[in-house]
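Examining the three-dimensional arrangement
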Number of protein chains: 2
Amino acid sequence: MALFSKIIPEILPQTDNWKGTEKFLRSVVDILIKYIREENVHESKVIDFHHPAEMFKLIDLKIPDKPQNLQTILKACEETLRYGVRTGHPRFFNQISCGLDLVSLAGEWLTATVNTNMFTYEISPVFILMENAVMRRMWETIGWDPNTSDGVFAPGGAISNLYAFILARHNLFPNGKQEGLKELPKLCAFTSEDSHYSIKRASAICGIGTNYCYPIRTDSAGKMIPEELEKKIMEAKKEGMPVTWNPHKLMGALLQCSACLVRKDGLLMQCNKMTADYLFMQDKFYDVTYDTGDKVIQCGRHNDVFKLWLMWKSKGMEGYRDQVNYLMDLAAYFTKRIKETEGYELVLDSPEFLNICFWYVPKKLRKLSPEERKEKLGKVAPAIKGKMMERGSTMVAYQPRHGTPNFFRLIISNQAIKREDLDFLIKEIVDIGESL
Amino acid sequence: MALFSKIIPEILPQTDNWKGTEKFLRSVVDILIKYIREENVHESKVIDFHHPAEMFKLIDLKIPDKPQNLQTILKACEETLRYGVRTGHPRFFNQISCGLDLVSLAGEWLTATVNTNMFTYEISPVFILMENAVMRRMWETIGWDPNTSDGVFAPGGAISNLYAFILARHNLFPNGKQEGLKELPKLCAFTSEDSHYSIKRASAICGIGTNYCYPIRTDSAGKMIPEELEKKIMEAKKEGMPVTWNPHKLMGALLQCSACLVRKDGLLMQCNKMTADYLFMQDKFYDVTYDTGDKVIQCGRHNDVFKLWLMWKSKGMEGYRDQVNYLMDLAAYFTKRIKETEGYELVLDSPEFLNICFWYVPKKLRKLSPEERKEKLGKVAPAIKGKMMERGSTMVAYQPRHGTPNFFRLIISNQAIKREDLDFLIKEIVDIGESL
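Residues numbered from 1 in each chain as written. Chains lettered and ligands numbered in written order. Predicted model: local features only at pLDDT ≥ 70, side-chain atom pairs only at ≥ 80, totals over all residues. Heavy atoms only, no water.

**Things to note about the overall build of chain A**
When helices and strands are tallied, chain A shows 15 helices and eight strands. Here chain A holds 436 residues, and the buried ones make up 60% of them. Across chain A, the fraction of contacts at a sequence separation of at least 24, relative to all contacts at a separation of at least 6, is 70%. Accessible surface computed for chain A: about 17300 Å², of which carbon and sulfur atoms make up 53%. (Helix = DSSP H or I, 4+ residues; strand = E, 2+ residues; numbered from the N terminus. Buried < 20%, exposed > 50% of the residue type's maximum accessible area, 1.4 Å probe, protein only. Contact = heavy atoms within 4.5 Å. Areas by Shrake-Rupley, 256 points an atom, 1.4 Å probe, with all protein chains shown as cover.)

Next up, the structure:
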């Protein structure tokens, strides 16, 4: 039988036609570099928005029967970029907009190229040790003893929270792993009423039930009120619940990656080990304590560490410190500016980190009675947001909280942001808000 | 305060020094393209193996205090590649070695560059629709009705299996989500004794307990024996278990990605919805039925679809068919060759897919009594594998099963493999095996 690449000559890898292969890859990179350059033009559009029905017409998304040539593939890449959201744009202020760090990007390109899996030292010798080195720096930073700490990189914070749940459960009731929850006392969890929804979801997944994931009241700054936690624990004890439970104790989230750090070495392995002897053989010729596969709830696991390691290496601890200081400075600047600008109101008078929550109250709402104002104000942020996206000029998230009307939630986390971008946002919101 | 990139001039993005930025990215690509070219030289090494203690000396893994310049970063990339495993090499036959498809690679480079998140149409309009289009093709392929089917991309098959567990549980006992397992009848699961260990792990995570994940006996070909399943179900019913449970029913895994396909539209949403109104607002200006965030157990979710979509588009249905046929042809070739070669024994006489399990019995073991032979044979595969890795010439996995001695498990899934690579493997195993 002929070599596969001869049957469909356009399909790669074409080791017999290395020039064609290299040309294709370099063409892709040209497209990507052009995209990055355009994304960093502050005045350019953040999004070219289209509703789903139009989008289906603009891009041919169907999987075809026949193979397509590489020109079609390059065109598909360009179209995909054209209609996507430019999340690294310095005027994209929506959730999870930490900007596009190019060293981290280089790390991710390399990660994709080596295309390996994190389960054993055998197939990932460098990256397994790298995870170890990065977690060591994290433990040190939060003041844990590296000799008795453990941890794992998970695909996102929600899965890290799920880890925290099953580890806490296993720590208290190790026999639950074999026997299931039916044999255990009734379990419950306590969490801030403002905590991430993945906490509640984790309690559903692991069989506790969302009704037994008790929300604890918070103060106006969103901090859990300790007395309320104590009260709830007493109530639960009266109802026969034995456990205190606090996933936050086990959690650690550092900048731009998700690592679940565990203070008690060995717990991860005890909790998740299933002894798959066809994958994690103990009779290997190297030290198998570096194999992480039996610690995690995934099997194949994406290499999430390299991009972080490379970026952190490039910045060092000092570079990160300066970066956070720069962002804190921008946040202070923005807060000062909206305090000075008519129509803006802060949700919290002194925001404490890089989240700034605020309303814009259009002129015609300012003279209304409190009830009328509240009702109309709730519709302002969604309307401004929709208009922003149609213009494509900028993006910022909004949300309600405990019955307050929708407010904007600005997150300043992109190091490419300049003060002028914040000035632009303030002006744009006024401009759209007054035109409604 | 000065612009961040001026404080630490080497830190990117340097929009004020675009030339430097572009030069850095192109240097990274030069390194990656060189790597891909070398990886595809059939005679080159698969791995340059070092034990952990040596590896710590070869690469400086520590996170530094001071920022590092870009030359250091490029050097770190080169070192990482030098000491890693070349999983795309045509002589890497270990687990999960599907080779490096360069269209898929281009897709992953683009994915990294746009750096977006899959939770809403708002921030991922193109990719959300793309997931839809790809799943549509999957449903059609397995004969499901696209109008009543659903699904989600998960970070790997193990998490897909966890989805299957919680969906099956929710389908039977929707109140478990709120009430927890304590209020439900005792649950159990049935799975093949040879099934992936993530099934057992999923039963631990979701609170059923591994003791109630009953293994069903398989025949010599590794297929579940239906009568054994029936027997176990009857036994469980006698013990008061109400449920049949079959995660496989809900599961679908297509080539080179992990998608959990669900036949019952709406179930994913009902099961996992937590109504995080600060993320998944219903008062948006576009059709929010495309927002997937509340269906999944992650919050931030990596875009896994683009690399698959681009590759599938490039190959079409026909290209994939030809690719699988080519690999099946290679598997038949390998099976024929080891049947002809002295010392080789197949675990199954007629392998049915792309997994081929076999022993190599060195000359000096061939005349031993069955007991002696069995005992010594178990040590042969690990010894050969260790030597292979030290030589760096090739890699293939080994494992035991139901008390048989360790055997090699070859997986033919890399389209870059040629017949000569299989000939090489056969010769290398004999060569090392006889030198032990």
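What follows picks up the thread again.
**Considering the pairing of strand 8 (residues 404-411) of chain A**
Residues and elements named next belong to chain A. The buried count for strand 8 comes to seven of eight residues, which makes it a mostly enclosed element. Strand direction decides the pairing type here: strand 6 (residues 355-360) and strand 8, joined by four bridges, are antiparallel. Across the sheet, I356 pairs through a bridge with L410, a residue of strand 8. Bridging between strand 7 (residues 397-401) and strand 8 involves four bridges; their strand directions are antiparallel. Each bridged residue has a counterpart across the sheet, and for A397 the counterpart in strand 8 is R409. Hairpin connection between strand 7 and strand 8: a loop of two residues separates the two successive antiparallel strands, and H402 in this loop has a positive phi of roughly 45°. (Pairing = 2+ DSSP bridges.)

**Notes on the domain arrangement of chain A**
Residues and elements named next belong to chain A. For chain A, the domain assignment lists domain 1 (1-83), domain 2 (117-188 + 236-302) and domain 3 (311-435). Between domain 1 and domain 3, the C-alpha centre-to-centre distance is 36 Å. Opposite the six residues of domain 1 that make contact, domain 3 presents nine residues. Counting the surface lost from both domain 1 and domain 3, the interface buries some 660 Å², and carbon and sulfur atoms represent 60% of this. It is H42, V46 and I47 in domain 1 that bury the most area against domain 3; as a group they hold 63% of the surface buried on that side. At the boundary of domain 1 and domain 3, one finds zero salt bridges. Inspection of the domain 1/domain 3 interface yields two residue pairs in polar contact (both at pLDDT 80 or more). (Domains from an automatic or database assignment. Buried area = accessible area lost by both parts, 1.4 Å probe. Salt bridge = Lys/Arg side-chain N within 4 Å of Asp/Glu carboxyl O. Polar contact = N/O pair within 3.5 Å; in protein donor to acceptor, adjacent residues only side chain to side chain.)

**Quick look at the sheet that holds strand 8 of chain A**
Note on sheets: strands pair through backbone hydrogen bonds, and any given pair is parallel or antiparallel. Residues and elements named next belong to chain A. With antiparallel pairing, four strands are arranged side by side in an open sheet as 5-6-8-7. Edge positions in the sheet fall to strand 5 (344-346) and strand 7, since each has one partner strand and no second. Geometrically, the sheet is characterised by an average inter-axis angle of 45° between neighbouring strands, direction not taken into account. Running over the sheet, helix 14 (residues 370-391) touches strand 5, strand 6, strand 7 and strand 8 and is turned about 35° from strand 8. Strand contacts of helix 15 (residues 419-435): strand 5, strand 6 and strand 8, with the helix running at about 25° to strand 6, the strand carrying the most contacts. (Axes fitted to C-alpha atoms, helices over the stretch in contact; angles between N-to-C directions.)

**Some remarks on the pattern of salt bridges**
For the structure shown, the criterion picks out 46 salt bridges over all chains. Across the pair E140 of chain A and R137 of chain A runs a salt bridge whose closest N-O atoms are separated by 3.6 Å. One end of the pair, E140 of chain A, and the other, R137 of chain A, are both in helix 6 (residues 125-142), three residues apart, so they sit about a helical turn from each other. Relative accessible area serves as the criterion here: at 41%, E140 of chain A is assigned to the partly exposed category. If you follow the salt bridges from partner to partner, you end up with E22 and R26 of chain A together with D30 of chain B in one network.

**Thoughts on the confidence of the model for chain A**
Residue and element names in this part refer to chain A. Looking at chain A as a whole, the pLDDT averages 79, with 78% of positions reaching at least 70. For chain A, helix 11 (residues 247-250) is the element with the lowest average pLDDT, namely 35, and helix 15 is the one with the highest, namely 96. Per-residue pLDDT stays below 50 along residues 1-10; that stretch engages in 27 contacts with residues further than four places along the chain or on separate chains. A low-confidence stretch, residues 244-257 (pLDDT under 50), is modelled with 41 contacts involving residues beyond four sequence positions or located in other chains. Here the prediction assigns the complex a pTM of 0.82, and the interface score ipTM is 0.82. (pLDDT = per-residue confidence, 0-100.)

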